[in-house]
Amino acid sequence: MTDPADLVQEACAQLAKLVPRLRQETPVPDETAFAAPGMTARPAAAPVPGNPPAFFAYTSIGSSARWLADLMLYAAGAGKRDEWQEGQGGSDANTVRVLTKVIPKLAAGADDDTYRMVITELEQRLEEARKVRAIDEAEQWRPVRSRPCPSCGCYFLRVLLDARGRPAGRIECFGHRESGAPCRAARPGLAGIVPDLARADAEAVPDLDG
């Protein structure tokens, strides 16, 4: 079973890789937005110049990283604040340091309630960053409401969809175990039901020739 602290470390590592990419995209207007010929693409009500989604995703990662470090220090009695203060500056280097060094280290000793808050915040920041058009790593999942997870028994299975909206051969459980840890560690054992889902989709298509 995957340790909860490992999931935090994985999420932090992914965010750390996205920080420089988002910073690079922040001043670049989103050219996929509508613009009249000869004009730069920018919505009329854009709150900031450049690429607002990239800007907000970039700044949210930095603020969330520092907030989570403070949260866990508070929950643990703030016994190592001197070490954390070394990375409180607003530079990308400090953001990456908090994500890759401070948060994973503190998460190893976090209680269940604190852990749930941390992993939820990290996953929200990841989802936000992946939806930026220049990043475009957001995945589309379809709930599988009729089947319980064989590992935890909850009904939070989801199947990954391909570009055509069809099952792509990967299923994960988005539920949580009693410890509060996400149940996605069981995902290798769930792949067997993908063919059943594909057949169910095919049978659900009406026969227009009939």
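Presented here is a report on the structure given in the accompanying data block. Here the structure is a predicted model, which is why all the values come from computation and not from measurement.

1. Comments concerning the packing of helix 2 (residues 52–75) against helix 4 (residues 92–107)
In step 1: Contact pair helix 2 / helix 4: the axes reach a minimum separation of 9 Å and the direction vectors enclose 35°. You can see that helix 2 and helix 4 cross each other, and the crossing is left-handed. Taking contact as the criterion, the partners of Tyr58, Ile61, Gly62, Ala65, Arg66, Leu68, Ala69, Met72 and Leu73 in helix 2 are, on helix 4, Asp92, Asn94, Thr95, Val98, Leu99, Val102, Ile103, Leu106 and Ala107.

2. Quick word on the pattern of salt bridges
When the charged atoms of two side chains with opposite charge come close together, those side chains can pair.
In step 1: Counting across every chain of the model gives five salt bridges.
In step 2: Among the salt bridges present, the one from arginine 116 reaches aspartate 113, with a minimum N-O distance of 2.5 Å. Of this pair, arginine 116 and aspartate 113 both sit in helix 5 (residues 112–130), three residues apart, which is roughly one turn of that helix.
In step 3: A salt bridge links glutamate 128 to arginine 125; its shortest N-O distance comes to 3.3 Å. Of this pair, glutamate 128 and arginine 125 both sit in helix 5, three residues apart, which is roughly one turn of the helix.
In step 4: Classification of arginine 125 by relative accessible area gives buried; the value is 13%.
In step 5: When salt bridges that share partners are traced, they join Glu121, Arg125 and Glu128 into one network.

3. Remarks on the sheet that holds strand 3 (residues 167–173)
In step 1: The strand order across the open sheet formed by three strands is 1-2-3, and the pairing between neighbours is antiparallel. Single-partner strands in this sheet number two, and they are strand 1 (141–143) and strand 3. Strand-to-strand, the axes of this sheet are offset by a mean angle of 30°, without reference to chain direction.
In step 2: In this sheet, strand 3 lies alongside strand 2 (residues 157–161) in antiparallel orientation, the contact comprising four bridges. Within strand 3, the position partnered with leucine 161 by the bridge is proline 167.

4. Brief notes about the nonpolar core
In step 1: Formed by 33 residues in total, the largest nonpolar core has its most connected members in Val8, Leu22, Ile61, Leu99, Ile103, Val118 and Leu122.
In step 2: Sort the elements by how many residues they give to this core and helix 2 lands first, with 10 residues.
In step 3: Counting residues in hydrophobic clusters, the runner-up holds nine residues, among them Cys149, Cys154, Leu161 and Cys173.

The rules we used
Residues numbered from 1 in each chain as written. Predicted model: local features only at pLDDT ≥ 70, side-chain atom pairs only at ≥ 80, totals over all residues. Heavy atoms only, no water. Axes fitted to C-alpha atoms, helices over the stretch in contact; angles between N-to-C directions. Helix = DSSP H or I, 4+ residues; strand = E, 2+ residues; numbered from the N terminus. Left-handed = near helix turned anticlockwise from the far one by under 90°. Contact = heavy atoms within 4.5 Å. Salt bridge = Lys/Arg side-chain N within 4 Å of Asp/Glu carboxyl O. Buried < 20%, exposed > 50% of the residue type's maximum accessible area, 1.4 Å probe, protein only. Pairing = 2+ DSSP bridges. Core = buried A, V, L, I, M, F, W, Y, C linked by side-chain atoms within 4.5 Å.

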